[in-house]
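Working through the structure, step by step
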Amino acid sequence: MRLSRIIMALTVGLAVVAVPTAAGAAQPQPTPSATTDPPQPPPYTPQLASLTVNRPTIYLGETVVLTGTGFGPNETVDITVTVTPLAAPAPGQAPARRSDGSIVAMAPVAYQASAPLTVTARTNGQGRFTKSYRPSVTGQLTFTATGRESARTDTADLRVLHKKQPLPVTGDSIGTPMKLGGGLVGAGAIMLLLTLAWRRRQRFGGAAH
């Protein structure tokens, strides 16, 4: 009897000890979360300046508009103009050729005294500007715009051609139409004389009958 009580007491004690352990094992254990890095800011991309010309080719005396974007807000932009003569010979001169066969312009430099080769523009709050420019030289013009504070820069090209000249009026150009007109007048006079002669013949022939 005593032995059975001892066995029962041991059984109850083991059961009491095992219940919290089983309950703890039954509870869901937190799963370790994957380690994530904090979000990184996007890489810095410097803003690029842009310079454009509204027309790629003009004739001497016409005006173009330069437009700049992407410069610093409310800053002064220096615009320099570089002139390269067009690859065409000057009047009375033959074109010169390099060893590679390319043509070198042989134009005189006197006409380069011209419009200012350095101008300035002022950007607005968005870093944009427009500037009118009227070249007084022919050639390939390269505009280089540089912001004084931002140091941003860009270039644009413009081709300036000579004005189209009217064809000269020479003695040959006048003589040809005059010769043609004279021939037509002569042919008309001959036709008139033949017509009068035919009518006269018809008139006198009818009277004879």
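All right, on to the overall build of the protein then. When helices and strands are counted, the protein shows two helices and 10 strands. Ordered by position in the sequence, the α and β elements of the protein form the string α-β-β-β-β-β-β-β-β-β-β-α. Every one of the 209 residues in the protein was classed for burial, and the buried ones make up 18%. Within the protein, contacts between residues separated by at least 24 positions form 63% of all contacts whose residues are at least 6 apart in sequence. Carbon together with sulfur atoms contributes 63% to the accessible area of the protein, which is approximately 15800 Å² in total.

This brings us to the pattern of salt bridges. For the structure on display, the rule yields two salt bridges. Between arginine 55 and glutamate 62 there is a salt bridge whose closest N-O contact spans 3.1 Å. The partly exposed category is assigned to arginine 55, whose relative accessible area is 32%. Classification of glutamate 62 by relative accessible area gives partly exposed; the value is 27%. Between arginine 148 and aspartate 78 there is a salt bridge, with the nearest N and O atoms lying 2.9 Å from each other.

Per-residue confidence for the protein gives a mean pLDDT of 75; residues scoring 70 or more make up 55%. Counting contacts from residues 106–113, a segment whose pLDDT is below 50, to residues more than four positions away or on other chains yields 14 contacts.

A full pass over the atoms with the stated rule returns two aromatic pairs. Between the aromatic rings of phenylalanine 71 and phenylalanine 129, the centroid separation amounts to 5.6 Å while the plane-to-plane angle is 55°, which identifies the pairing as tilted. With phenylalanine 71 in the loop between strand E3 (64–69) and strand E4 (76–84) and phenylalanine 129 in strand E8 (residues 129–133), this residue pair connects regions lying 58 residues apart in the sequence. Across the pair, phenylalanine 129 and phenylalanine 71 agree in class, each one buried.

Quick look at the pairing of E3 now. Successive side chains on a regular strand alternate, one facing one side of the sheet and the next facing the other. Alignment of strand E1 (residues 50–53) against E3, held across four bridges, turns out to be antiparallel. Paired with threonine 52 across the strands is threonine 67, a residue of E3. Strand direction decides the pairing type here: E3 and E8, joined by five bridges, are antiparallel. Bridge pairing links valine 64 to tyrosine 133 in E8.

A word on the side chain of threonine 123. Within the fold, threonine 123 resides in the loop between strand E7 (118–122) and E8. Of the residues examined, threonine 123 reaches a relative accessible area of 5% and is grouped as buried. In this structure the side chain of threonine 123 is engaged in a polar contact, spanning 2.9 Å, whose partner is the backbone nitrogen of asparagine 74. Reaching out from threonine 123, the side chain makes a polar contact with the backbone nitrogen of glutamate 75 at a distance of 2.8 Å. If sequence neighbours within four positions are ignored, threonine 123 has contacts with Phe71, Gly72, Pro73, Asn74, Glu75, Val77, Arg128 and Phe129.

Parameters at a glance
- Residues numbered from 1 in each chain as written.
- Predicted model: local features only at pLDDT ≥ 70, side-chain atom pairs only at ≥ 80, totals over all residues.
- Heavy atoms only, no water.
- Helix = DSSP H or I, 4+ residues; strand = E, 2+ residues; numbered from the N terminus.
- Buried < 20%, exposed > 50% of the residue type's maximum accessible area, 1.4 Å probe, protein only.
- Contact = heavy atoms within 4.5 Å.
- Areas by Shrake-Rupley, 256 points an atom, 1.4 Å probe, with all protein chains shown as cover.
- Salt bridge = Lys/Arg side-chain N within 4 Å of Asp/Glu carboxyl O.
- pLDDT = per-residue confidence, 0-100.
- Phe/Tyr/Trp six-rings, centres within 6.5 Å; stacked < 30°, edge-to-face > 60°.
- Pairing = 2+ DSSP bridges.
- Polar contact = N/O pair within 3.5 Å; in protein donor to acceptor, adjacent residues only side chain to side chain.

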